[in-house]
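Summary of the model geometry
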Amino acid sequence: MISRVIKSCRNNTQIFSKLENPSTRDCNDMIRAYSMSDSPQKGLNVYNKMRQIGNFTDPVSLSFALKCCITLSYLTVGQQIHSRIWSDGFLSDTLLLTTLMDFYSSRGKIDEACRVFDDLPNKDVVSWNVFISCHIRNARTKDCLALFHRMRAEDQKEICKPDDVTCLHMLQACSSLGALEFGQSVHKYIQENGYIHAAKLCNSLISMYSRCGNVDKAYQVFEGMKKRTGVSWSAIISGLAMNGHGREAIEAFEAMLRDGIKPDDHIFTGVLSACSHCGMDDVYKMLDEINEQLKIAGYLPDISAELHNLQADDKRCALVNHSEKLAMAFGVLTTPPGTTIRVANSCRLCVDCHNFAKFLSEVYNREVDIRDGKKFHHFREGHCSCNDYW
């Protein structure tokens, strides 16, 4: 998608540059293209040129210019565009004012966003959804509950009846607040309006119930899903783990693998993090066992890799529980023999974890792939693709 946008933007730029008197529509196409690219400043340049040469700016021009301001975090320029909306008489354009509301929210100006919303002559479901998201973005989550009630009270016209996007926002708010009863009412609304088979909503319901402490209900939603994605499995595994069901979380992870779902870096790291914080001892027991086997093969912890100001014995203890080692132990524990173990970490791999991975790949006959903040490390039969230089 992004590559198509960039290619389209380049092609449009070449054509646009050859136009002696570009029309408003020509300019709008360019502002729109730039607002979706990595060059939003150029979109504002086109907008400013329109005004300089006397081209008429319409709601489309102003809307995409505001989107450029959102990307660039330009408050003052956006306020100037707001003034132009006022002076040009576009205050009845719901889509334009919805974009303006989103702009103010992106800059933390929730009160200004509220004033824009209140002035909307015709509030449709899109404007309501953006308004609710504005509150979530600015940590005004509790207000979302009242907004949902207001929205439902005004849905007789159908144009502002809560839709699946509204429900996603409300479940996010309920998860943040721990508002179980309100979340249950949203769940009921989802069922009554035929949204219950939408995967994103089911995933959000699983997360909401888990965060509100009702893991049985979360599992009920999970079981009722017609098609489960990796996100669905991750949600239920994390939900089980955070509610103290460590063994069930591991079993769910194993079931996910049997179901043919391959965990990506985020899922694997999230599962490890959840399981290692739910009072489960299996991973640590496995890590102790691996350490014993590797020591027999000649592995010795390199305490120089532990940078905290600790005594030598304390450094050895700290090294044992480095997250990369826990991840590898989790991989050995939960995957069949011979399966490649993949680990992702944003920090640079320390020397000791690097040595640990080399020994593990040889002793356990496993291929281990670790992505740190600098490069990929592919461990095979006791050797690393980086040749110990990284």
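Quick summary incoming for the structure in this document. The structure displayed is predicted, hence computed values, not measured ones. Along every chain, residues carry numbers that run from 1 in the direction the sequence is written. Where totals are concerned, whole chains, interfaces and linings use all residues; where local detail is concerned, this predicted model gives features only for residues with pLDDT of at least 70, and gives and counts side-chain atom pairs only at 80 or more. With hydrogens and water set aside, each side-chain value is computed from the structure's full complement of heavy atoms.

We now examine the environment of glutamate 367. Note on conventions: DSSP H or I runs of at least 4 residues are helices, E runs of at least 2 residues are strands, and numbering of each starts at the N terminus. By the element assignment, glutamate 367 lies in the loop between α20 (351–363) and β2 (368–371). When the C-alpha positions of glutamate 367 and arginine 342 are compared, they lie 8.6 Å apart, and in sequence the two are 25 residues distant. When residues no more than four places from it in sequence are discounted, the contact partners of glutamate 367 are Thr339, Thr340, Ile341, Phe379 and Arg380. Within polar-contact distance, the side chain of glutamate 367 engages the side chain of arginine 380 at 3.3 Å. The contact rule is simple, with two residues in contact once any of their heavy atoms fall within 4.5 Å. Nitrogen and oxygen atoms within 3.5 Å of one another constitute a polar contact, given that in protein one can donate a hydrogen and the other can accept it, and given that sequence-neighbouring residues count only through two side-chain atoms.

Before going further, it helps to examine the sheet that holds strand β1 (residues 341–344). The sheet built from four strands is open, its strands ordered β1-β2-β3-β4 with mixed pairing. Both outer strands of the open sheet, β1 and β4 (383–384), are each paired with one neighbouring strand and no more. Strands are treated as partners if at least two bridges between them are detected by DSSP. With four bridges joining them, β1 and β2 adopt parallel strand pairing. Note on β2: the bridge partner recorded for alanine 344 is arginine 371. Geometry is summarised by axes, namely lines fitted to C-alpha atoms with helices restricted to the contacting stretch, and by angles between N-to-C directions that run from 0 to 180 degrees. The sheet strands contacting helix α19 (residues 323–334) are β1 and β2, and the helix crosses β1 at an angle near 150°. Relative to strand β3 (residues 376–380), α20 is tilted by about 35°, and along the sheet it contacts β1, β2, β3 and β4.

End to end, helix α6 (residues 94–106) covers 18 Å across 13 residues, agreeing with the expected 18 Å (1.5 Å per residue, within 8%). Among the 13 residues of α6, ten are classified as buried, and the element is accordingly described as predominantly covered. Under the scheme applied here, a residue whose accessible area is under 20% of the maximum for its type counts as buried, over 50% as exposed, and between as partly exposed, the area being computed with a 1.4 Å probe on protein chains only. Regarding α6, the residues found buried are Thr94, Leu96, Leu97, Thr98, Thr99, Leu100, Met101, Phe103, Tyr104 and Ser105. Buried residues in α6 make contact with α4 (59–72), α5 (75–87), α7 (110–118) and α8 (125–137). Expected span of a helix, by definition, is 1.5 Å for each gap between consecutive residues, and there is one gap fewer than residues.

With that out of the way, let us pick up the packing of helix α10 (residues 164–177) against helix α11 (residues 180–192). Contact geometry for α10 and α11: axes closest at 9 Å, N-to-C directions at 160°. Taken as axis vectors, α10 and α11 run roughly antiparallel relative to one another. In the crossing of α10 with α11, the sense of the turn from one axis to the other is left-handed. For the pair formed by α10 and α11, the contact residues are Cys167, Met170, Leu171 and Cys174 on the first element and Phe182, Gly183, Val186, Tyr189 and Ile190 on the second. Comment on the angle field: the value is read as roughly parallel under 35 degrees, roughly antiparallel over 145, roughly perpendicular from 65 to 115, and oblique elsewhere. Should the near helix be turned anticlockwise from the far one by less than a right angle, the crossing is left-handed, and should it be turned clockwise, the crossing is right-handed.

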